[in-house]
Amino acid sequence: MPTTTRASIIRQSPGEYETVTLELDDPKKGEVQVKMAASGLCHSDDHLQTGDLQVMTYPFCGGHEGSGVITKVGPDTPGFEVGDHVVFSFVPSCGQCSACRRGDFNLCDKGALLLVGSRADDAEDFRMKLDGQNVGQMCGISTFSEYTTADVASVIKIDKDIPLKSAALVGCGVPTGFGTAVKAGGVKPGDVVIVMGIGGIGINAVQGAAHAGATRVIAVDPTPFKREMAQEFGATDVFENMEQATEFAQSITEGQGADVALVTVGVLEADHPAQALASIRKGGTVVVTGLGKMTELTPISAFDLTLMQKRLQGAIIGAQSPHSDIPKLLRMYQAGQLKLDELITKEYTLDQVTEAYEDMHEGKNIRGVIVF
Ligand code: CXF
Ligand code: ZN
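In every chain, residue numbers begin from 1 and rise along the written sequence. Chains carry letters and ligands carry numbers; both start at the beginning, A for chains and 1 for ligands, and go up in the order they are written. Restriction of local features to residues with pLDDT of at least 70 applies here, the model being predicted, together with a cutoff of 80 or more for giving and counting side-chain atom pairs; totals for whole chains, interfaces and linings are based on all residues. With hydrogens and water excluded, all non-hydrogen atoms of the structure serve as input to the side-chain values.

(A) How the structure looks around the domain arrangement of the chain. According to the domain assignment, the chain consists of domain 1 (3-171 + 339-371) and domain 2 (176-316). Buried area is understood as the total, over both parts, of accessible area removed when two parts are fitted together, assessed with a 1.4 Å probe. Between domain 1 and domain 2, the buried area comes to about 1,600 Å², and carbon and sulfur atoms account for 64% of it. On the domain 1 side of the interface with domain 2, the three residues burying the most area are D52, K339 and I366, jointly 37% of the side's total. Each salt bridge in this description consists of a side-chain nitrogen of Lys or Arg and a carboxyl oxygen of Asp or Glu lying within 4 Å of one another. Scanning the region where domain 1 abuts domain 2 turns up zero salt bridges. Throughout this description, a polar contact denotes any pair of N or O atoms lying within 3.5 Å of each other; where both atoms belong to protein, one of them has to be capable of donating a hydrogen while the other can accept it, and for residues adjacent in sequence the pair is counted only when both atoms sit in side chains. Viewed at the interface, domain 2 and domain 1 are joined by five residue pairs in polar contact (both at pLDDT 80 or more). Domain start and stop points were drawn from an automatic or database domain assignment.

Below you can see the structure in the form of structure tokens.
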């Protein structure tokens, strides 16, 4: 029996989210249906509104950071039962493809159709319909919907005593930011780290860098509220722009610069990676993790890469392994070592997605969350 579900979709990019009623097919082999409890409002779903991110199927149902309770299980879903509490990882990880077999779980082949929004192995196969027309699912999950159906490669079972609202955030923002610092950026005890852009990703990069033992976590953001939040999450120094942050990093390192710079801005601009490279020392690392218009970047100096041996690294989901690192983040939360509740700055209903993104643009939120 298909389920009908209220969901927030976009009909084109640029465009605006609207709430509609969709038909949701029952889960097939290797899939589960989930009644959503909460969904984070990550900047990437707003990129669909602005047109910075284009997907391959319209209408498209947004949301890729969420938690809920399993309501139906399809065949071949060992380990999953109705009533289980789960979070989604925005990157699936099947454990069997060549990327997973070599240990690059965040680069799983099942991620190839994330922006088609179909089933992971068939670009023509969709579970959501609007008046009979296929609706793409953001990252194959679509958390802006009361109910959704997803491949178990994107689903992680969690302890029932973890609040679902806070757990939702470990589906994108937390592992992306935390992993950008500790895994992709390789922050080490004693390091001087610059975090460029304090939103849902940057704040977790701050938390990750502090956790890894950085002596200085320098947060850069033009919005005073975000600089204050960064200090609550472990930033030791805050600046409005990269020029000031770079000068400061050099002043405390005999002119060398930061060990690591993490580019976590919500809208990546062409010269951000070059600015970050200018802020680090010889042999230092820059990690770029934000999404922008996906245009060409400002040229990088070959001198920086060769003679200065600077490393420019990209990362998806902070180079974390979804099925092992997300449970670890939740264990850290349970042990009081990771802040999740404090990331949520405002709650919204499913009908308020556009309003939520207006608040985000006005710099009012670290993470807005839809509570179902
Ligand atoms: C994005 C990456 C591109 C697809 C949507 C999700 N990452 C995090 O927000
Ligand atoms: Zn995201």
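(B) Structural detail: the site of ligand 1. Residues are counted as near a molecule or strand when any one of their heavy atoms sits within 4 Å of it. Around ligand 1 lies a shell formed by C42, S44, H64, F90, L115, M138, C139, C172 and L291. Between S44 and ligand 1, the recorded distance is 2.5 Å, taken from a side-chain N or O atom to an oxygen atom. Residue burial considers only the protein chains on display, and all accessible areas are found by Shrake-Rupley using a 1.4 Å probe. When the free accessible area of ligand 1 is taken as 270 Å², the share hidden by the protein chains comes to 85%. Charged means Asp, Glu, Lys or Arg here, nonpolar means Ala, Val, Leu, Ile, Met, Phe, Trp, Tyr, Cys or Pro, and polar covers whatever is left, Gly included. Across the shell around ligand 1, the residue classes tally to seven nonpolar, two polar and no charged.

(C) Here's a closer look at the confidence of the model for the chain. Of all residues in the chain, 99% have pLDDT values of 70 or greater, and the mean over the chain is 97. Averaged pLDDT values over the elements of the chain bottom out at 94 in helix α9 (residues 302-305) and peak at 99 in strand β11 (residues 192-196). For every residue, the predictor reports its confidence as pLDDT, a number between 0 and 100. Secondary structure is summarised from DSSP: a helix means a run of H or I of at least four residues, a strand means a run of E of at least two, and numbering begins at the N terminus for each.

(D) Broad picture of the coordination of the zinc ion (ligand 2). For Na, K and Ca the donor cut-off is 3.2 Å, and for all other metals it is 2.8 Å, counting N, O and S atoms only; because water is absent from this set, sites may look incomplete. Distances from the zinc ion (ligand 2) to its protein donors, namely C42 (SG), H64 (NE2) and C172 (SG), fall within the range 2.0 to 2.2 Å. Angles of 99 to 128 degrees at the metal separate the four donor atoms of the zinc ion (ligand 2), which places the site in the tetrahedral class. Sequence spacing of the donor residues for the zinc ion (ligand 2), all on one chain, is C-x21-H-x107-C. Taken together, the residues H64 in the loop between β4 (60-61) and β5 (66-73) and C172 in the loop between α3 (164-167) and α4 (173-184) connect sequence positions 108 residues apart. For the pair formed by H64 and C172, the shared burial category is buried. In short, tetrahedral needs four donors with all angles between 85 and 135 degrees, square planar needs four and octahedral six donors with opposite donors over 155 degrees apart and all other angles between 65 and 115, and whatever is left is irregular. When a residue's accessible area, from a 1.4 Å probe over protein chains only, is under 20% of the maximum for its type it is buried; when over 50% it is exposed; and in between it is partly exposed.

(E) Expanded view of the pattern of salt bridges. The tally for this structure, following the rule as stated, stands at 21 salt bridges. Across the salt bridge formed by K364 and D359, the nearest N and O atoms sit 3.7 Å from each other. The class for K364 is partly exposed, based on a relative accessible area of 45%. Beyond isolated ion pairs, a larger network of salt bridges with shared partners links E31, R119, D125 and R127.

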